[in-house]
Amino acid sequence: KLTDMLNLNTSQMKDNMDMEMRLIGKIMSNPRDYYDCHSLISEEIFTDPLNRKIYKVVSERLDKGDKADMIVISSAIKDPLVDLRVAECMNLDHYAYITKNMVLYLSQEDKKIRLKKLAELTTKKIDNGDDLFNVIEFVEEQMKSISEVRGSDIPDIKKQLKILHDDIRRRMDSENMIGLPTGFQSVDKFTGGWQETDFIVIGGASSMGKTSLGLAFCYNCAKVGIPSAVFSYEMGDTQLLQRLVSLESEVNNRYIMKGALESGELNRVDKAIGKLEGVNLFIDECKDSSLRYLLNKIRQYVITKDVKFVLVDYLQLVKGSGTSREQEVAMVARELKNLAKELNITIVALSQLSRGVERRDGCRPSLSDLRESGEIEQASDIVMLVYRPEYYGIMSDDSGKSTEGLVDLIFAKGRNIGTGTLPLKFKKEYTKFIDPQDYTEKFISAQPSESF
């Protein structure tokens, strides 16, 4: 309770005005208290205009290491009541009060006032017919400011080391699997699973299967009970669900699309649909391509559905702001990374590659092939490039082995995992990725580099 926290009786606590004056008197009399708590105090917690002016002068003087007395304050503030107010602040009994608790009390009172004002202003905007997403964005921005907790800027290394120690123990106990499951043994072993706050980009040329791979990552999380969401700008929900039914049932996607199914295939499709009904997967056809819409939608799913994994298909179809297309995509990438950190979730975004990759011998992609690549590369924690040599008519590798169905998953950037290439298999008739049977042998030669 606030009265317990402040070591006060209700009768002793007159009102906020009284507490503001006691706080001013306390820090003027005991500058050490100000230095101990300065990071917690802001001008906003003083609701009385004159008290706010006095605090501003006092804090500016103390920040410079100077004294703040009545003469200094009186010369700085041209108000006939200032001398009387300062005298009242100094004469009030403030010695029995803990400075930090007074600040916390006033901070809470300030938040209550701001919340009431926000509620009134929000109601007014809604009644005036303002755009709903503009109202939501306004409320979210205001709530960030209201909920912000001011604190010391000096980090505590003991706490930091405790967090690190606990994380190391958690990694040891989890046998290297510390993040969200990818659904592929080789990828799980390489990455340790998808990490919270990570922004991951999957790049690939047309028909490489990047949508199918991203969808598989999302579905594999949902299958083990981790709420996941797909935001699709290119394909409708029916098309994406059709792909999921195909990979789950292993019935040819074209047959499902045409409805040319035999009874056995129909049974498998029915079972797949039944299985899909039980997973925590949400597919959202983004009818608005604006970045603001996407960010608000992701927040909505995280808050209401506890979503932990998000797939955006694809990056270049989201409209940000900027004078050039590159600046626009850069803003989208930065905002998605910031949102992943803010909400403590994993966001995967698909990205096109530039046309230059198709003119290269072998058409093998590299990090520089990301379209509008500069900021995407900077904002991302991991960049994966999907490469199917078979698609380009390369039917065998350097050792003469067949490349039929082979996929090279190229980790071109790994902020915390390094770089490397992993093999996967792609069953294109089911749009399904799987681990190769001999993945263990191939994975040995694809260990992460030590260059992070």
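Residues numbered from 1 in each chain as written. Predicted model: local features only at pLDDT ≥ 70, side-chain atom pairs only at ≥ 80, totals over all residues. Heavy atoms only, no water.

### Things to note about the packing of aromatic side chains
The geometry of two aromatic rings is summed up by the distance between their centres and the angle between their planes.
Part 1 of the reasoning: For the structure shown, the criterion picks out 10 aromatic pairs.
Part 2 of the reasoning: Where Phe 190 meets Phe 411, the ring centres are 4.6 Å apart and the plane angle is 35 degrees; that geometry is what we call tilted. Here Phe 190, found in helix H10 (residues 185–191), pairs with Phe 411, found in strand S7 (residues 406–414); they are 221 residues apart in sequence, far enough to count as distant.
Part 3 of the reasoning: Judged by its relative accessible area of 4%, Phe 190 is buried.
Part 4 of the reasoning: Judged by relative accessible area, Phe 411 falls into the buried class, the value being 1%.
Part 5 of the reasoning: Residues Phe 282 and Tyr 301 carry aromatic rings whose centres are separated by 5.7 Å and whose planes lie at 50 degrees to one another, so their mutual orientation is tilted. In this pair, Phe 282 sits in strand S3 (residues 281–285) while Tyr 301 sits in helix H15 (residues 291–305), placing the two residues 19 residues apart along the sequence.
Part 6 of the reasoning: With relative accessibility at 22%, the residue Phe 282 sits in the partly exposed group.
Part 7 of the reasoning: We classify Tyr 301 as buried; its relative accessible area is 14%.
Part 8 of the reasoning: One aromatic cluster in this structure is built from Phe 184, Trp 194 and Phe 217.
Part 9 of the reasoning: A cation over an aromatic ring shows up here: Lys 125 above the ring of Phe 138, its NZ or CZ 4.7 Å from the ring centre. (Phe/Tyr/Trp six-rings, centres within 6.5 Å; stacked < 30°, edge-to-face > 60°. Helix = DSSP H or I, 4+ residues; strand = E, 2+ residues; numbered from the N terminus. Buried < 20%, exposed > 50% of the residue type's maximum accessible area, 1.4 Å probe, protein only. Lys NZ or Arg CZ within 6 Å of the ring centre and 35° of its normal.)

### As for the pattern of salt bridges
Part 1 of the reasoning: Applying the stated criterion across every chain yields a total of 19 salt bridges.
Part 2 of the reasoning: For Lys 427, the salt bridge identified is with Glu 250, shortest N-O distance 3.6 Å. One end of the pair, Lys 427, is in strand S8 (residues 420–427); the other, Glu 250, is in the loop between helix H12 (237–249) and helix H13 (253–258), and 177 residues separate them in sequence.
Part 3 of the reasoning: We classify Glu 250 as partly exposed; its relative accessible area is 28%.
Part 4 of the reasoning: Here Glu 250 makes a salt bridge to Lys 432, at a shortest N to O gap of 2.9 Å. Here the residue Glu 250 occupies a position in the loop between H12 and H13, and Lys 432 occupies one in strand S9 (residues 432–434), the gap between them amounting to 182 residues.
Part 5 of the reasoning: On the basis of relative accessible area, Lys 432 is assigned to the buried category, the value being 19%. (Salt bridge = Lys/Arg side-chain N within 4 Å of Asp/Glu carboxyl O.)

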